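# Observations on the three-dimensional arrangement
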Amino acid sequence: MICFSVLKLVAVLVSQTSILEAAERERTFIAIKPDGVQRGLISEIIHRFERKGYKLVAIKLVIPTKEFAEKHYHDLKGRPFFNGLRDFLSSGPVVAMVWEGQGVIKYGRKLIGATSPHNSEPGTIRGDLAVSVGRNTIHGSDGPETANAEIALWFKPEELVSYTSNAEKWLYEP
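This is a predicted model, so every value here is computed, not measured. (Residues numbered from 1 in each chain as written. Predicted model: local features only at pLDDT ≥ 70, side-chain atom pairs only at ≥ 80, totals over all residues. Heavy atoms only, no water.)

Before going further, it helps to spend a moment on the pattern of salt bridges. Applying the stated criterion across every chain, the model contains 11 salt bridges. A salt bridge links Lys 60 to Glu 159; the nearest nitrogen and oxygen atoms lie 3.2 Å apart. With Lys 60 in strand β2 (residues 55-62) and Glu 159 in the loop between α8 (144-154) and α9 (168-171), the pair connects residues that are 99 residues apart, well separated along the chain. Lys 60 sits in the partly exposed class, given a relative accessible area of 24%. Residues joined in a network through salt bridges with shared partners are Arg 25, Arg 27, Lys 55, Glu 100 and Glu 168. (Salt bridge = Lys/Arg side-chain N within 4 Å of Asp/Glu carboxyl O. Helix = DSSP H or I, 4+ residues; strand = E, 2+ residues; numbered from the N terminus. Buried < 20%, exposed > 50% of the residue type's maximum accessible area, 1.4 Å probe, protein only.)

Glancing now at helix α6 (residues 104-112). Residues of α6 that are buried include every one of Val 104, Ile 105, Gly 108, Leu 111 and Ile 112, and no others. Looking straight down α6, one finds its buried side chains confined to an arc of 120°; they lie on one side. Facing away from the buried surface of α6 by more than 90 degrees, the exposed residues are Lys 106 and Lys 110. Gly 113 lies just past α6 and shows a positive phi near 95°. (Arc of directions from axis to C-beta.)

With that out of the way, let us pick up the UniProt feature "binding site: ATP" (unreviewed entry) in the protein. Per the UniProt record, the feature "binding site: ATP" (unreviewed entry) sits at Lys 33, Phe 81, Arg 109, Thr 115, Arg 126 and Asn 136. Looking only at the residues we just named, the largest pocket is lined by Lys 33, Phe 81, Arg 109, Thr 115, Arg 126 and Asn 136. Turning to its location among the elements, Phe 81 is positioned in the loop between α4 (66-72) and α5 (82-89). Following the sequence through the fold, Asn 136 ends up in the loop between α7 (125-129) and β4 (138-140). Look at Asn 136 and you get buried, because its relative accessible area is 2%. Dropping the residues within four chain positions of it, Asn 136 is found in contact with Lys 33, Asp 35, Thr 115, Pro 117, Arg 126 and Ala 130. Of the polar contacts made by the side chain of Asn 136, one reaches the backbone oxygen of Thr 115; its length is 3.0 Å. (UniProt positions renumbered as here; feature names shortened; annotations may be inferred. 1 Å grid on protein atoms, 1.4 Å probe; cavity = no way out; pocket = protein on both sides within 12 Å on 5 of 7 lines; lining within 4 Å. Contact = heavy atoms within 4.5 Å. Polar contact = N/O pair within 3.5 Å; in protein donor to acceptor, adjacent residues only side chain to side chain.)

Bringing the layout of surface pockets into the picture now. Using a probe with the size of a water molecule, rolled over the atoms, empty space left in the structure can be pinpointed. Computed from the structure, the largest pocket encloses a volume of approximately 620 Å³. Around the largest pocket, the lining is made up of 26 residues, and of these Lys 33, Tyr 73, Leu 76, Leu 85 and His 139 lie nearest the centre. For the lining of the largest pocket, the secondary structure elements donating two or more residues are α4, α5, β4 and α8. Residues belonging to the lining of the largest pocket are distributed by class as follows: eight nonpolar, nine polar and nine charged. (Points joined across faces, edges and corners; volume = space filled by probe spheres on them. Nonpolar A, V, L, I, M, F, W, Y, C, P; charged D, E, K, R; others polar.)

Where two aromatic rings form a pair, the distance of their centres and the angle of their planes describe that pair. All told, the structure shown has four aromatic pairs when counted by the stated rule. Here Phe 49 and Tyr 54 contribute two aromatic rings whose centre-to-centre distance is 6.4 Å and whose plane-to-plane angle is 45°, an arrangement assigned as tilted. A connected cluster of aromatic rings, assembled from ring pairs, spans Phe 29, Phe 68 and Trp 154. Just above the ring of Tyr 107 sits the side chain of Lys 52; from NZ or CZ to the centre is 5.9 Å. The cationic tip of Lys 55 hangs over the ring face of Tyr 163; the distance from NZ or CZ to the ring centre is 4.7 Å. (Phe/Tyr/Trp six-rings, centres within 6.5 Å; stacked < 30°, edge-to-face > 60°. Lys NZ or Arg CZ within 6 Å of the ring centre and 35° of its normal.)

Attention now goes to the confidence of the model for the protein. Across the protein, the average pLDDT comes to 89, with 87% of residues at 70 or higher. In the predicted structure, residues 1-22 sits below a pLDDT of 50 and forms two contacts with residues beyond four places in sequence or in another chain. (pLDDT = per-residue confidence, 0-100.)

Across eight bridges, strand β1 (residues 25-32) lies against strand β3 (residues 94-102) in antiparallel orientation. Bridging from a neighbouring strand, Arg 27 pairs with Glu 100 of β3. Bridge analysis of β1 against β4 gives three bridges, and the strand direction is antiparallel. By the bridge assignment, Ile 30 is partnered in β4 with Gly 140. (Pairing = 2+ DSSP bridges.)

Following this line, the structure appears as structure tokens:
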């Protein structure tokens, strides 16, 4: 009976390991919005992604035009808050970034926290650093298709850097 229990435990651990390993290395778009830039939160936010083990593969500081902000938020065009969102994104400098790593889209969103800082857990970027939904400091892609589209909107292919970080051998199993 003990052998069967041990074998069952090993089978569970192996199945969980394969689930964890199934998380692909992917890329996501992250933007520090004008309020985050103006409040001096750039290094804090970058630090949180680096501590998690994600790799920065593109970064730039830009002031988006209203037209560009409309392209970024095109999926929200019919919403009553669209104009305010567009105007806010184009109101000052934005730090546009591309991060790479296993599960970076899903877990990057967890690092960011809920859209409303009031619903964000302590320990998340919005939970710790933002106060209102209209000034929630950061944007992150919500899925693979969105990530690909946002990366293509904000960056030319030659602006994305591919390299192997020395830390990768400490993060991912061979």
